[in-house]
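# Understanding the architecture of this molecule
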Amino acid sequence: MSERQLVVIGGGPAGMGAAISAYEAGVKDILLIERDQYLGGILNQCIHTGFGLSYFKKNLTGPEYAHRFIEKIQAIDNIEVSLKSFAVKLTKEKELIFIKPGELKEIKAKALIMATGARERTREMIHIPGDRPSGIFSAGLAQKLINIEGLLPGEEVVIVGSGDIGLIMARRFILEGAKVKAVIEIQKQSRGLARNVVQCLEDFNIPFYLSHKVARIYGKKRVEKVDVVEVDEDLKAIPGSDFSLACDTILISAGLISENELLEAAGIEAGNISIPGLFVCGNAYKIYDLADSVSRDALLAGKQAAEYLKGLG
Amino acid sequence: MKSVLVFDVLIIGAGVVGAAIARELSRYKLSIAVLEKEEEPAFGVSKSNSGIIHPGTQNSLNSLKGRLCLQGNILTRKISQELGLDFQEVGELIVAFNEQEAEILQNLKKQAQGLGVPGLKIVDKNWLRENEPNLNPEVRAALFAPTAGIISPYRLVYALCENAIKNGAEIYTNTKVENIARQEEYFEINTSRKSFRAKYVINAAGLFADEISRMAGISDFQIRPRKGEEFILDKKKENLTRHLIFPLPSKTSKGVLVIKTADGNPMIGPTAEDIEDKEDLSTSEEGLKKVITLSQRLVPAINESDIIAYFSGLRPVAGDDFIIRSEDQVPGFINVAGIQSPGLTSAPAIALMVRDMLKAHGLKLKKKRIFKSPRKKSIHLFKIPLTAAKKLIKKDAAYGDIVCRCEMVSAQEIKQAIVEGARTMDGIKFRTRAQAGRCHGSFCATRLMKILAEEIKIPLTALTKRGLGSEMVKKDRLDV
Ligand SMILES: Cc1cc2nc3c(=O)[nH]c(=O)nc-3n(C[C@H](O)[C@H](O)[C@H](O)COP(=O)(O)OP(=O)(O)OC[C@H]3O[C@@H](n4cnc5c(N)ncnc54)[C@H](O)[C@@H]3O)c2cc1C
Ligand SMILES: Cc1cc2nc3c(=O)[nH]c(=O)nc-3n(C[C@H](O)[C@H](O)[C@H](O)COP(=O)(O)OP(=O)(O)OC[C@H]3O[C@@H](n4cnc5c(N)ncnc54)[C@H](O)[C@@H]3O)c2cc1C
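For the structure given in this document, a descriptive report is provided here. Numbers given for residues are sequential positions, taken from 1 along each chain in its written order. As they are written, the chains are lettered A onward and the ligands numbered 1 onward, keeping that order. The predicted nature of this model means local features are confined to residues of pLDDT at least 70 and side-chain atom pairs, given and counted, to a pLDDT of 80 or more, with totals for whole chains, interfaces and linings taken over all residues. The basis for every side-chain value is the complete set of heavy atoms in the structure, and neither hydrogens nor water enter the calculation.

## What to know about the packing of aromatic side chains
Residue and element names in this part refer to chain A.
- Pairing of aromatic rings covers Phe, Tyr and Trp, the last counted by its six-membered ring, and requires centre-to-centre distances within 6.5 Å; plane angles under 30 degrees mean stacked, over 60 mean edge-to-face, and any other angle means tilted. Within this structure, the stated rule accounts for 16 aromatic pairs over all chains.
- Aromatic side chains Phe 56 and Tyr 65 sit 5.4 Å apart centroid to centroid with 65° between the ring planes, which places their arrangement in the edge-to-face category.
- The class for Phe 56 is partly exposed, based on a relative accessible area of 24%.
- Owing to a relative accessible area of 0%, Tyr 65 belongs among the buried residues under this scheme.
- Among the aromatic residues, those joined into a cluster by ring pairs are Phe 51, Tyr 55, Phe 56, Tyr 65 and Phe 69. Accessible area is worked out with a 1.4 Å probe on protein chains only. A residue is then buried under 20% of its type maximum, exposed over 50%, and partly exposed in between.

## Brief notes about the site of ligand 1
All names here are of chain A.
- Taken together, 33 residues lie around ligand 1, and Ala 14, Glu 34, His 48, Ala 87 and Asn 283 are the ones closest in.
- Here an oxygen atom of ligand 1 and a side-chain polar atom of Glu 34 are 2.6 Å apart.
- Side-chain atoms alone can form a polar contact between residues adjacent in sequence; in general such a contact is a pair of N or O atoms within 3.5 Å, and within protein one must be able to donate a hydrogen while the other accepts it. Measuring from an oxygen atom of ligand 1, one finds a backbone N or O atom of Ala 291 at 3.2 Å.
- Here, Shrake-Rupley sampling with a 1.4 Å probe gives the accessible areas, and only protein chains in the shown set may cover a residue. Starting from 970 Å² of accessible surface for ligand 1 in isolation, the protein chains cover 94%.
- We count a stretch as a helix when DSSP gives it H or I for four or more residues in a row; a strand needs E for two or more, and each element gets its number in order from the N terminus. The set of elements that each furnish at least two residues to the shell around ligand 1 consists of α1 (13–24), β6 (86–90), α3 (139–147), α4 (164–175) and α7 (291–312).
- For the domain bounds, the source is a domain assignment made automatically or taken from a database. Of the domains in this structure, domain 1 (2–117 + 259–312) and domain 2 (121–252) are the two that each give at least three residues to the shell around ligand 1. Proximity is defined per residue: if any heavy atom of the residue lies within 4 Å of a molecule or strand, that residue is considered near it.

## With respect to helix α1 (residues 16–25) of chain B
- Across the 10 residues that make up α1(B), a large majority, 10, are buried.
- Looking only at α1(B), the buried set comprises B:Val16, B:Val17, B:Gly18, B:Ala19, B:Ala20, B:Ile21, B:Ala22, B:Arg23, B:Glu24 and B:Leu25.

## Brief notes about the sheet that holds strand β14 (residues 208–209) of chain A
All names here are of chain A.
- Overall, parallel pairing links the 5 strands, which are arranged β10-β18-β12-β13-β14 in an open sheet. A strand with exactly one partner marks an edge of an open sheet, and here the two such strands are β10 (136–138) and β14.
- By definition, two strands form a pair when at least two bridges between them are found by DSSP. One ladder, built from 2 bridges, connects strand β13 (residues 179–184) with β14; its direction is parallel. If you follow Val 183 over to β14, its bridge partner there is Phe 208.
- In this description, contact between two residues means that some pair of their heavy atoms is separated by no more than 4.5 Å. Axis definition: a line fit to C-alpha positions, over the contact stretch in the case of helices; interaxial angles, taken between N-to-C directions, run 0 to 180 degrees. Contacting β10 and β18 (249–252), α3 runs over the sheet at an angle of about 90° to β10.

## Some thoughts on the packing of helix α5 (residues 153–166) of chain B against helix α11 (residues 425–432) of chain B
Residue and element names in this part refer to chain B.
- Close contact between α5 and α11 brings their axes to 8 Å; oriented N to C, the two are set at 100°. What the angle tells us is that α5 and α11 run roughly perpendicular. In this structure, α5 contributes Tyr 154, Arg 155 and Tyr 158 to the contact, and α11 contributes Gly 427, Phe 430 and Arg 431.
- Per-class residue counts for the contact of α5 with α11 are 3 nonpolar, 1 polar and 2 charged. Roughly parallel means an angle under 35 degrees; roughly antiparallel means over 145; roughly perpendicular covers 65 to 115; every other angle is labelled oblique. For this classification, the nonpolar set comprises Ala, Val, Leu, Ile, Met, Phe, Trp, Tyr, Cys and Pro, the charged set comprises Asp, Glu, Lys and Arg, and every other residue, Gly included, is treated as polar.

## Topic: empty space enclosed by the protein
- In this analysis a 1.4 Å probe is tested at points of a 1 Å grid over the protein atoms alone, and where it fits but cannot get out there is a cavity; an open set with protein on both sides within 12 Å along at least five of seven lines is a pocket; lining residues have an atom within 4 Å of a point. Grid points are joined across faces, edges and corners, and a volume is the space filled by probe spheres set on the points. On inspection of all chains with the given rule, the structure shows 6 cavities of 30 Å³ or more.
- Lining of the largest cavity is provided by A:His127, A:Ile128, A:Pro129, B:Phe231, B:Thr283, B:Ser284, B:Glu285, B:Leu288 and B:Tyr310.

## Structural notes on the environment of B:Val157
All names here are of chain B.
- When you line up the elements, Val 157 lands in helix α5.
- Judged by relative accessible area, which is 0%, Val 157 ranks as buried.
- Distance in space between the C-alpha atoms of Val 157 and Ala 20 is 7.7 Å, their sequence separation being 137 residues.
- Filtering out sequence-adjacent residues up to four positions away, Val 157 remains in contact with Ala 14, Gly 15, Val 16, Ala 19, Pro 41, Ala 42 and Ser 46.

## Considering the site of ligand 2
All names here are of chain B.
- Around ligand 2 there are 40 residues in total, and Glu 36, Ser 46, Ile 52, Ile 339 and Thr 345 lie nearest to it.
- Lys 37 places a polar main-chain atom, nitrogen or oxygen, 3.1 Å from a nitrogen atom of ligand 2.
- Interatomic distance of 2.5 Å between a side-chain N/O atom of Ser 46 and an oxygen atom of ligand 2.
- The protein chains hide 98% of the 1000 Å² of surface that ligand 2 would expose on its own.
- Those elements that place two or more of their residues in the shell around ligand 2 are α1, β12 (224–233), β17 (307–317) and α8 (343–360).

## Things to note about the interface of chain B and chain A
- Counting residues at the interface gives 55 residues for chain B, matched by 50 residues for chain A.
- Joining two parts hides part of their accessible area as seen by a 1.4 Å probe, and the buried area is that hidden amount summed over both. Interface area, chain B with chain A, both sides summed: about 4500 Å², of which 57% is carbon and sulfur.
- The salt bridge definition used is simple: a Lys or Arg side-chain nitrogen within 4 Å of an Asp or Glu carboxyl oxygen. With a shortest N-O distance of 3.0 Å, A:Glu149 and B:Lys450 are connected by a salt bridge.
- Where chain B meets chain A, there are 25 residue pairs in polar contact (both at pLDDT 80 or more).
- Of all the secondary-structure elements, those providing two or more residues to the side of chain B that touches chain A are α7 (285–298), β17, α9 (386–395), α12 (445–456) and β22 (475–476) of chain B.

Here it is as structure tokens:
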């Protein structure tokens, strides 16, 4: 088992930012592990603008924002990037197993930064009853299908939840010539940023129902329609307020959850880490609204890891 | 004129029953075909059930169900070994909350012993505290049936089908039987795709067995769907219980259970509700509430927030018992209908019974010299020792290429599933568990779609979740 000074898991803005910041604070041996074939994390599929306003004082797209970090990393010899590399197991001793095509590797890290990002809440997690046809996507999956794979998931869309990804996808579907029937949010106010509500819904006249929920999904093969109902203060359905919307596609945009399965499997509580030299940053630590805030968080994690290693001598 | 394909035996339906019959008959020098209306086998009742290999308890003494379940429990063990499937004997506990219920346990025990169910034991509070710590402490006693087991229901069907095919049987999917004509010497079957002819026809069409039977001229039974909603819990709760936990049975069902599944996730359910529509697989808020309440009564540690997935299945009910008979008015036609629970368990025993009926009706059964029985166990990287995994990845790089991150399924396993017959996204999910984890495919669906489209050589826009009409995406943006 080889030993490395610092291992960073995850090559999104958090992982890249942390690796760079640790290097700048003096760490000379860094391994950055990313499971995808590119660095950039979720930013690669966010081709809209709105990134970097506070961190770079510039209005960038997701890939442009990521590229600023990727270029920097490529220029630093002390950061070794291992792509298509999936960390599958972790111990409290900071031993790590990762696999990549053709290889299974075991390493021990003196310091370890987890930057594994987040996943989206699913239809199953928010318990929408009804049929289980095709045509139900998480907003992020729809984003990937359109922006990366060049496929149009559907033509008549209802969006469940007003998370930012959902709002941005509402506009994206319109730009692709699809119809967005409504965005349905169970809470009294939008979950996403105010600017996204204006730029993605209001500017395109997309109906936005607050204090409403999707009560049922219909469709034996492909989605056919949804029932929508208004809810009261306790989020209970108000009888008689229901109506139906015909659609062939449903996007779920009901928030993100930190991805901390590696830590959990190792018996480490992600919210309360007491293992010296182990750090968590970015969306794996907590869900940030903006990539800019993730970068700030990463900066700090990199510095702390460097200090910890200095302390070891 | 349409050409006609001729076989000795035609089996209608590729659920667990049709698949078990096909595999059993493939031991003999016969030409066999299975006709299935769906895109893949196991897309009917056999994909959505509790996955329990019942020990034989809770069946009345002279029922077909009781006898076949008991025999099926024994046969399934052997089949699992031969076909490289995981059968786990976890045992079941039927629990009693008061004196009155405890007395009923005694009756259940007597009845099951009469059927021949082995190893039954009434266990007390102390035993339960020791052996089933999360059980509601108010439970006073339980009937312990050690031979209850669990299996992956769809993988059982796939393995049976694969093995039948290996031994010469043919399976025609997307082939819906539309009418059956009885000629002098044979049946002529028209389907949505081709025409078939055979001297013997076996109706194993699950929920639609009454319709198929009517096509052959027998209409003395009707299948009514009885819906069961089930809710799957996070794998993190794998050790919630050690056994399958049953309440006392009611007249129509075994009640809401706390189930262990072959993949490790606990499951709670099923409900039992008589409905009309044979294709209504929806789940409901009431179903959820009911299952949560009833399962928490058995195991209070169950949390609604542990639920990661849900589905419903329809029991094909035609009265209290199975209907398995060769029809005298229509010689050569065998009905295997009303196969409700414990149909998954009974399937291999049903296959033997059907074989004997065929024989009694003049079908010559001559064993093949070679029956290819052993089937290689599919390898999952994380179920083998580290050193073995290392070697495997070195030998075959695709094992190191993880596609589904939640269930850690490699590209190699996906490709193998396609070789074994997966044609849809659900087919991949049932075989490999890719998309069955926490994110439900949010991360890996695009990659899976690309692999599947490439391997079976169809455009991405033609890919479906589970057959025609359930296309994954509507359009290629470049075609717009
Ligand atoms: C679908 C989606 C769309 C979003 N859209 C926007 C937006 O428009 N604007 C905005 O400001 N924010 C958006 N966000 C929020 C966004 O997640 C953050 O702004 C930022 O990308 C988070 O950075 P991160 O590095 O923490 O996570 P990520 O960008 O998710 O990066 C995590 C990286 O870790 C890798 N990884 C995870 N586990 C392992 C492992 N075991 N082994 C190896 N590698 C691993 C992943 O492959 C990934 O590359 C979106 C989030 C999602 C999920
Ligand atoms: C909620 C629930 C829980 C259950 N739990 C258990 C359990 O724990 N243990 C147990 O032993 N049993 C259990 N069962 C029962 C078990 O699932 C069934 O008995 C068994 O799956 C029936 O198998 P089958 O092959 O008869 O039916 P199916 O799997 O439905 O197969 C019939 C096939 O015929 C096809 N078909 C229909 N019409 C046509 C046509 N016209 N042309 C061509 N093909 C056609 C269908 O598409 C289908 O694939 C449960 C059932 C339910 C609903």
